[in-house]
Amino acid sequence: MTMNEATPSADPNAGKTPLVEMRDISIAFGGIKAVDHASTDLYPGEVVGLLGHNGAGKSTLIKILSGAYARDHGTIMVDGKEATITNPRQAKDYGIETIYQTLALADNVDAAANLYLGRELLTRWGTLDDAAMEAETRKVMGRLNPNFKRFKDPVKQLSGGQRQSVAIARAIHFNARILIMDEPTAALGPAETEQVGQLIHELKKDGIGIFLISHDIHDVFDLADRVVVMKNGAIVGSAKTTDVTKDEVLGMIILGKCPAGAIPGPGALAD
Ligand SMILES: Nc1ncnc2c1ncn2[C@@H]1O[C@H](COP(=O)(O)OP(=O)(O)OP(=O)(O)O)[C@@H](O)[C@H]1O
Ligand SMILES: [Mg+2]
């Protein structure tokens, strides 16, 4: 066999067990097939960029993974075993955490209070153990974003990128192994986007797998190891970012056309 640049290159994940595998997932709202027999996977330390037009089904697919929506059809495997995920609590038990664009932070309290929101540490007298929560928060942040110094400020005073680090710190502090980020940089400036890129880099080193949804194909090419493109609820194809060009991925998004360097899915345009 000859090597050809225009075919998918050797799979670096071959022989490994995926962190997550979604198989043949479907869900309809009324008559609309929001997700239509979609399959995808995610490996430890990997960033998979999920791309597609508005309404392609990206958020719906990851909401099925995070337990926010109950699927009509399909299987979710975690660490190679079938997982029961029908609500967000169960997804969290499997180490699946989602960071939404809105971040869902409590604006009027500091980073530590946000990290422990709803899971506060108490002293043996039953009062809030602020010292322990702050110490633990400094530890997590020190690893994730060593430049973060604003431990005493309410998070509403922080920049978008700093708020993003608080949200990510909260997710990984509670043992997230699978992180879903839906448009994490949509509201951020270039410097803050860069900061989120750094955070993602740190998480990868720890073996965390990330599904990254973004409209910005440049961001995705910078951050993702692989792209998965959806159109009308179906998977057009997936490819390593090194095997395809941005133009080819745009062709997948807009036309549903799967280039030679990608693995076609059921949503690929027949040629
Ligand atoms: N709760 C819901 N009820 C009814 N229809 C829904 C619901 N959520 C999503 N849909 C529909 O499912 C389809 C997929 O929507 P989804 O939000 O997953 O798209 P998306 O790829 O995330 O788009 P965007 O890039 O705009 O965020 C759309 O047609 C949308 O209108
Ligand atoms: Mg969406």
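Everything numeric in this text was worked out from a predicted model, so none of it was measured.

The rules behind the values
Residues numbered from 1 in each chain as written. Chains lettered and ligands numbered in written order. Predicted model: local features only at pLDDT ≥ 70, side-chain atom pairs only at ≥ 80, totals over all residues. Pairing = 2+ DSSP bridges. Helix = DSSP H or I, 4+ residues; strand = E, 2+ residues; numbered from the N terminus. Buried ≥ 20, exposed ≤ 12 C-beta atoms within 10 Å, placed from the backbone. Contact = placed C-beta atoms within 7 Å. Near = placed C-beta within 6 Å. Nonpolar A, V, L, I, M, F, W, Y, C, P; charged D, E, K, R; others polar. Core = buried A, V, L, I, M, F, W, Y, C linked by C-beta atoms within 7 Å.

Draft legend 1. Seen up close, the pairing of strand β2 (residues 32-42). Summarising the sheet, strand β1 (residues 20-29) and β2 pair through seven bridges and their orientation is antiparallel. Residue Glu21 lies in a different strand from β2, and its bridge partner there is Asp41. Hairpin connection, β1 to β2: the antiparallel pair is bridged by two residues, and Gly30 has positive phi, about 60 degrees.

Draft legend 2. Highlighting the environment of Ile208. As for its placement among the helices and strands, Ile208 is situated in the loop between α6 (190-205) and β8 (209-213). Given 24 C-beta atoms within a 10 Å radius, Ile208 is considered buried. C-alpha separation for the pair Ile208 and Gly95, spaced 113 residues apart in sequence, amounts to 9.8 Å. Excluding anything up to four places from it in sequence, Ile208 contacts Ile172, Ala176, Arg177, Leu179 and Leu203.

Draft legend 3. Structural detail: the site of ligand 1. Residues in close proximity to ligand 1 include Phe29, Ile32, Ala34, Gly52, Asn54, Gly55, Ala56, Gly57, Lys58, Ser59 and Thr60, which together make up its full environment. The set of elements that each furnish at least two residues to the shell around ligand 1 consists of β2 and α1 (58-65). Here the element with the most residues in the shell around ligand 1 is α1; it accounts for three residues. The residue makeup of the shell around ligand 1, split by class, is four nonpolar, six polar and one charged.

Draft legend 4. Summary view of the nonpolar core. Counting residues in hydrophobic clusters, the biggest one holds 75 residues, and the most contacted among them are Leu65, Leu179, Ile210, Phe211, Leu212 and Val229. The greatest single-element share of this core, amounting to six residues, is contributed by helix α5 (residues 160-173). Residues contacting Ile210, with those up to four places away along its chain left out, are Val47, Leu179, Met181, Ile200 and Leu203.

Draft legend 5. Region of interest: unusual backbone geometry. One non-glycine residue with positive phi stands out, namely Asp24, at about 55 degrees. For Asp24, the location among the structural elements is in strand β1. The residue Asp79 is not glycine, and still its phi comes out positive at about 55 degrees.

Draft legend 6. Up close: the sheet that holds strand β6 (residues 96-99). The mixed open sheet is built from seven strands, whose spatial order is β6-β7-β8-β3-β9-β10-β11. The open sheet has two free edges, formed respectively by β6 and β11 (263-264), since each of these has just one partner strand. Relative to strand β10 (residues 234-240), strand β9 (residues 226-231) runs antiparallel, the two being bridged by six bridges. Bridge assignment links Met230 to a residue of β10, and that residue is Ile235.

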